[in-house]
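# Structural overview for review
The residues making up each chain are set out below.
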Amino acid sequence: MRRVALDRLLPIESNLPMKTFEQVAELEKRYLLGTYNRYPIVLTRGKGVFLYDLEDRRYLDFVSGLGVNALGHAHPRIVKTIREQAGKLIHVSNLYYHEYQGALAEKLCTLLGSSFGNARAFFSNSGTEAIEGSIKLARLAGHRAGGEAKCRLVALDGSYHGRTFGALSLTGQAKHRKGFEPLLEEVTFVAQNDVNALRAAIDDNTCAIVLEPIFGEGGIYECSVEFLRECRALADRHRAALIFDEIQCGLGRTGTMFAFQGFGVTPDIVAIAKPIAAGLPLGAFIAKEEFASAISPGQHGSTFGGGPLACRVALEFLAIVEDEKLLENVNKVGAYLHEELKAVAEKKAAAKEVRGRGFIQGIALEIPARPIVDEALAEGVLFNSTQDTVVRFLPPFLLEEKHVDRGIRVLKKLLGKKRK
Ligand SMILES: *Cc1c(COP(=O)(O)O)cnc(C)c1O
């Protein structure tokens, strides 16, 4: 593993293109806020399920840029669409109409299906912003239904909803919140799948229940159908919005277009982002009409959100998922990945449990996951670790069984190694 001594403040040659890992890492170390603990490779290009570094070493990608590159890298139809649209119109602001925002909203509302009924979308630039917008809308609807006091939010222990103050206030992990308090005080946390705690937390002053149907960053834990049904019933009884954060698990990753469709429980508001515009920044929340109608012009907005380039690419993304029958692939290869991971968990003492479905899965280890991920780099495979002991798999929807075999071989080898 390469490590660089970086405390010198010497001039750094940053002429592009840069030639070495050290050059890139030293420049960042000097000039970037110290927020990231990156893996020690510099990626320069990708093709399908593979990425290449500065020295043109190839890596099999089980991470997809944290669930963003669902179509892999340099998908020809995405490249063509970006080229074409970039030459016409990238940005107009939301002062004006363009052709693609309404069309994308219509497509998403159709994909939500009849259980969602009439719905409306708002476009943001990120997942966190989609959460912020969702809870602002839930507050408006709550105040309309029950006055100022109807402002309380319910979220889950161990959840992850993003880094801004509103989204962080809903994130049930001390390690992310620490140092930033006070956060929103109107949030009550309950343990995932604890129906009694849920009942105790919700009353007429609750304006929203916010949850990920499958925890992503939190370590790949699924909500039970029973728990989600109780959320639905309590939200209805107390006229609160049921908000699903499908930023990581939505848009095909579980094998259905929206994760909630696989659980059979329909939320009132759904937040999406990661893969929607194939790597361009775009997020959205979509609300049933009865909640959507609580907002008026001027109450929310975005300079960049929902621009012509991002929206047109998102339409292309959704078309490709359909044309290439990628949900079928996620279901088929996801089931294969699950079986293969389970076989690893049974055979290797260092592995404990396999969780998740489709192309959002994790294997929980008895040992720290980061060294496994670091060592996999040398084997030409990109994994990702979360919650210290979980290796997380968020591969591109294009992944095939032969790629799974390769990843499993590497995982087995690394889990079989003697460690102190
Ligand atoms: C990534 C993620 C977010 C935050 O999205 P950003 O685009 O990073 O702002 C929120 N919720 C979930 C479940 C996520 O996985």
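Scope of this entry: the structure provided in the associated data block. What you see is a predicted model, and the numbers here were worked out from it, not measured in a lab.

## Re the pairing of strand β15 (residues 390–393)
The alternating pattern of β15 places Val-390 and Arg-392 and Val-391 and Phe-393 on opposite faces, both of which are buried. Sheet analysis places strand β12 (residues 360–365) next to β15, joined by 4 bridges and oriented antiparallel. Looking at β15, one finds that Gln-361 is bridged to Phe-393. The pairing of strand β14 (residues 384–386) with β15 spans 3 bridges and is classified as antiparallel. Looking at the pairing, Thr-386 lines up with Val-390 of β15. Hairpin remark: β14 followed by β15, antiparallel, with 3 residues in the connecting loop; positive phi at Gln-387, about 50°.

## Some remarks on the site of the ligand
With respect to spatial proximity, the complete set of residues near the ligand consists of Ser-126, Gly-127, Thr-128, Tyr-160, His-161, Gly-162, Glu-212, Asp-245, Ile-247, Gln-248 and Lys-274. In this structure, Tyr-160 approaches the ligand through a main-chain N or O atom, which is 3.4 Å from a nitrogen atom. Expressed as a share of its isolated accessible area of 390 Å², the protein-covered part of the ligand is 81%. Its residues assigned to classes, the shell around the ligand comprises 2 nonpolar, 6 polar and 3 charged.

## Side note on the state of the cysteines
Counted under the stated rule, the structure contains 0 disulfides. The thiol sulfur of Cys-109 is not disulfide-bonded, and the nearest other cysteine sulfur, from Cys-311, lies at 13 Å. What makes Cys-109 buried here is its relative accessible area of 16%. Note on Cys-249: no disulfide assigned, nearest cysteine sulfur contributed by Cys-223 at a separation of 9.0 Å. Judged by its relative accessible area of 1%, Cys-249 falls in the buried class.

## Some words on the packing of helix α13 (residues 326–347) against helix α15 (residues 401–416)
Their axes nearest at 10 Å, the elements α13 and α15 cross at an angle of 15°. As summarised for this structure, α13 and α15 are arranged roughly parallel, according to the angle between their axes. In the packing of α13 onto α15, the handedness of the crossing is right-handed. Only Glu-401, Val-404, Asp-405, Ile-408, Leu-411, Lys-412 and Leu-415 of α15 make contact with α13, whose side of the interface consists of Lys-332, Val-333, Tyr-336, Leu-337, Glu-340, Leu-341, Val-344 and Lys-347.

## Describing the nonpolar core
One finds Leu-211, Ile-363 and Phe-383 to be the most contacted residues of the largest nonpolar core, which totals 93 residues. Take this core: its biggest share by element is 9 residues, from helix α12 (residues 308–323). Of the domains in this structure, domain 1 (6–68 + 325–415) and domain 2 (83–323) are the two that each give at least three residues to this core. Discounting chain neighbours no more than four positions away, the residues touching Leu-211 are Leu-156, His-161, Cys-223, Phe-227, Leu-228, Cys-231, Leu-242, Ile-243, Phe-244 and Asp-245. Formed by 25 residues, the second largest nonpolar core is a distinct cluster that contains Ile-131, Ala-138, Ala-155 and Ala-287.

## Looking at the side chain of Gln-248
With respect to the helices and strands, the residue Gln-248 is situated in the loop between β8 (241–245) and α10 (259–263). For Gln-248, a relative accessible area of 10% corresponds to the buried category. One polar contact links Gln-248 to Arg-392, side chain to side chain, over a distance of 2.9 Å. Discounting residues that sit within four places of it in the chain, Gln-248 has contacts with Gly-216, Glu-217, Arg-253, Lys-274, Ile-360, Arg-392 and Leu-394.

Rules behind the numbers
- Numbering of residues begins from 1 in every chain and follows the order in which that chain's sequence is written.
- Residue-level local features of this predicted model are given only where pLDDT is at least 70; pairs of side-chain atoms are given and counted only at 80 or more, and the full residue set underlies all totals for whole chains, interfaces and linings.
- Side-chain metrics in this entry use all non-hydrogen atoms of the structure; hydrogen atoms and water are not considered.
- Classification of residues uses two cut-offs on accessible area relative to the type maximum, computed with a 1.4 Å probe and protein chains only: under 20% is buried, over 50% is exposed, and between them is partly exposed.
- Every helix listed is a DSSP run of H or I at least four residues long, and every strand listed is a run of E at least two residues long, numbered separately from the N terminus.
- At least two bridges found by DSSP between two strands are what make those strands a pair.
- Whether a residue is near a molecule or strand depends on its heavy atoms: it is near if one of them lies within 4 Å of it.
- In protein, a polar contact requires one atom able to donate a hydrogen and another able to accept it; more generally it is a pair of N or O atoms within 3.5 Å, and residues adjacent in sequence count only if both atoms are side-chain atoms.
- Accessible areas in this description were obtained via Shrake-Rupley with a 1.4 Å probe; residue shielding takes into account the shown protein chains only.
- Under the scheme applied, nonpolar residues are Ala, Val, Leu, Ile, Met, Phe, Trp, Tyr, Cys and Pro; charged residues are Asp, Glu, Lys and Arg; polar residues are all the others, including Gly.
- Here, two cysteine sulfur atoms that lie within 2.5 Å of each other are counted as a disulfide.
- Angles here are taken between N-to-C directions and fall from 0 to 180 degrees, while the axes themselves are lines fitted to C-alpha atoms, restricted in helices to the stretch in contact.
- In these notes the angle categories are as follows: under 35 degrees is roughly parallel, over 145 is roughly antiparallel, 65 to 115 is roughly perpendicular, and the rest is oblique.
- By convention the crossing between two helices is left-handed if the near helix lies anticlockwise of the far one by an angle smaller than a right angle, and right-handed if it lies clockwise.
- The contact rule is simple, with two residues in contact once any of their heavy atoms fall within 4.5 Å.
- Within this scheme, the nonpolar core is defined by two criteria: the residues are buried Ala, Val, Leu, Ile, Met, Phe, Trp, Tyr or Cys, and they are joined through side-chain atoms within 4.5 Å.
- Marked domain ranges trace back to an automatic or database domain assignment.

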